[in-house]
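Listed below are the residues making up each chain.
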Amino acid sequence: QLAAWNALEETLTPKQLQAFADLYRVAAEPKRSAFRPGSPFSYKLTANVTYGELTQQSETRRFVAQHQCDTAMVLAEFVQKARDHFGKPAIITSGHRPAKINAQVGGASRSEHLYDAKDTGAVDFYVDGVSVYTLQAWADKQWPYSLGYGAPKGFIHVGMRPSKPRVRWDY
């Protein structure tokens, strides 16, 4: 490396040498691979939310289309935002539910949890040690899309629908 630097000093003007040094002094950050349906369940969508949390680590719940991954990223970022705001872990109780699983758990036939169209998806969660009523009041101000008030059941539902309307309802 020293020999290469000496060669550069002989070739470049002091100004060019400084520009080169400034450009290459900081190591480039490694490029993060994109989130895809086949990503491992350990893939971190955010600092604290993994793909596996949205799928209960189950191959039967794995996403099959890129639009599902894209929607999941938006939802995971909101869960992370809640975690960061309250300073406590966010616990996902339900994420992606393919049609068969959704029917087994008694989900709505057009549930956002199906992730069956672009911009459609949902996550049910709570923040450990935070009143769910406090969480849903905060989310109501922060989340612009669909929000299910599930405090009596111990969670809130944040979701998205095509065209991303603002929707609110009680469980």
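Structure first, text after, so check above.
In this text, all values refer to a predicted model and were calculated from it rather than measured experimentally.

### Regarding the pattern of salt bridges
Here is step 1: Counted by the stated rule, this structure contains six salt bridges.
Here is step 2: The closest approach of N and O atoms between Glu-112 and Arg-161, which form a salt bridge, is 2.6 Å. Here Glu-112 is found in the loop between α5 (99-104) and β2 (121-127), whereas its partner Arg-161 is found in the loop between β4 (156-160) and β5 (167-170), with 49 residues between them in sequence.
Here is step 3: What makes Glu-112 buried here is its relative accessible area of 5%.
Here is step 4: Arg-168 is the salt-bridge partner of Asp-140, the closest N and O atoms lying 2.6 Å from each other. On the criterion of sequence distance, the pair formed by Asp-140 in helix α6 (residues 132-142) and Arg-168 in strand β5 is long-range, its members being 28 residues apart.
Here is step 5: Asp-140 sits in the partly exposed class, given a relative accessible area of 23%.
Here is step 6: Through salt bridges with shared partners, one network takes in Asp-140, Arg-166 and Arg-168.

### Some words on unusual backbone geometry
Here is step 1: Not every positive phi belongs to a glycine, and Asp-119 is a case in point at roughly 60°.
Here is step 2: By secondary structure assignment, the location of Asp-119 is in the loop between α5 and β2.

### Some points on the pairing of strand β3 (residues 146-149)
Here is step 1: Residues Ser-146 and Gly-148 of β3 are buried on one face, and the alternating residues Leu-147 and Tyr-149, pointing to the opposite face, are buried as well.
Here is step 2: As defined by bridge partners, β3 adjoins β4 across three bridges and the pair is classed as antiparallel. Residue pairing in the sheet places Leu-147 in a bridge with Val-158 of β4.
Here is step 3: Here β3 folds back onto β4, and the loop between the two strands holds six residues, one of which, Gly-154, carries a positive phi near 95°.
Here is step 4: Bridge analysis of β3 against β5 gives four bridges, and the strand direction is parallel. Residue pairing across strands places Leu-147 opposite Arg-168, the latter belonging to β5.

### Examining the sheet that holds β5
Here is step 1: Taken in spatial order, the five strands of this open sheet run β1-β2-β4-β3-β5, and their pairing is mixed. Strand pairing shows two members of the sheet lacking a second neighbour, β1 (90-94) and β5, which therefore form its edges. For this sheet, the mean inter-axis angle between neighbouring strands, taken without regard to orientation, is 25°.
Here is step 2: Strand contacts of helix α4 (residues 66-86): β1, β2 and β4, with the helix running at about 15° to β2, the strand carrying the most contacts.
Here is step 3: Against the sheet, α6 contacts β2, β3, β4 and β5, and its axis sits at roughly 160° relative to β3.

### Considering the nonpolar core
Here is step 1: Residues Phe-35, Leu-45, Val-123, Phe-125 and Val-158 are the most contacted members of the largest nonpolar core, which totals 36 residues.
Here is step 2: Of all the secondary structure elements, the ones that give two or more residues to this core are α3 (51-55), α4, β1, β2, α6, β3 and β4.
Here is step 3: The element that contributes the greatest number of residues to this core is α4, accounting for nine residues.
Here is step 4: If we skip the residues at most four places from it in the chain, Val-123 touches Leu-54, Leu-75, Val-79, Ile-92, Ser-94, His-113, Tyr-115, Ile-156, His-157 and Val-158.

### Notes on the packing of aromatic side chains
Here is step 1: Under the counting rule described, the total for this entry stands at twelve aromatic pairs.
Here is step 2: Ring geometry for Phe-78 against Trp-138: centres 5.3 Å apart, planes inclined by 25°, an arrangement best described as stacked. Remark: Trp-138 occurs in helix α6 and Phe-78 occurs in helix α4; sequence separation between them is 60 residues.
Here is step 3: On the basis of relative accessibility, which here comes to 4%, the residue Phe-78 falls in the buried class.
Here is step 4: Seen in terms of ring centroids, Phe-155 and Tyr-171 are 5.3 Å apart; in terms of plane orientation they differ by 65°. Their pairing is edge-to-face. With Phe-155 in the loop between β3 and β4 and Tyr-171 in the segment after β5, this pair connects stretches of sequence that are 16 residues apart.

Basis of the calculations
Residues numbered from 1 in each chain as written. Predicted model: local features only at pLDDT ≥ 70, side-chain atom pairs only at ≥ 80, totals over all residues. Heavy atoms only, no water. Salt bridge = Lys/Arg side-chain N within 4 Å of Asp/Glu carboxyl O. Helix = DSSP H or I, 4+ residues; strand = E, 2+ residues; numbered from the N terminus. Buried < 20%, exposed > 50% of the residue type's maximum accessible area, 1.4 Å probe, protein only. Pairing = 2+ DSSP bridges. Axes fitted to C-alpha atoms, helices over the stretch in contact; angles between N-to-C directions. Contact = heavy atoms within 4.5 Å. Core = buried A, V, L, I, M, F, W, Y, C linked by side-chain atoms within 4.5 Å. Phe/Tyr/Trp six-rings, centres within 6.5 Å; stacked < 30°, edge-to-face > 60°.

Remember, this is a structural readout, not a statement about activity or role.
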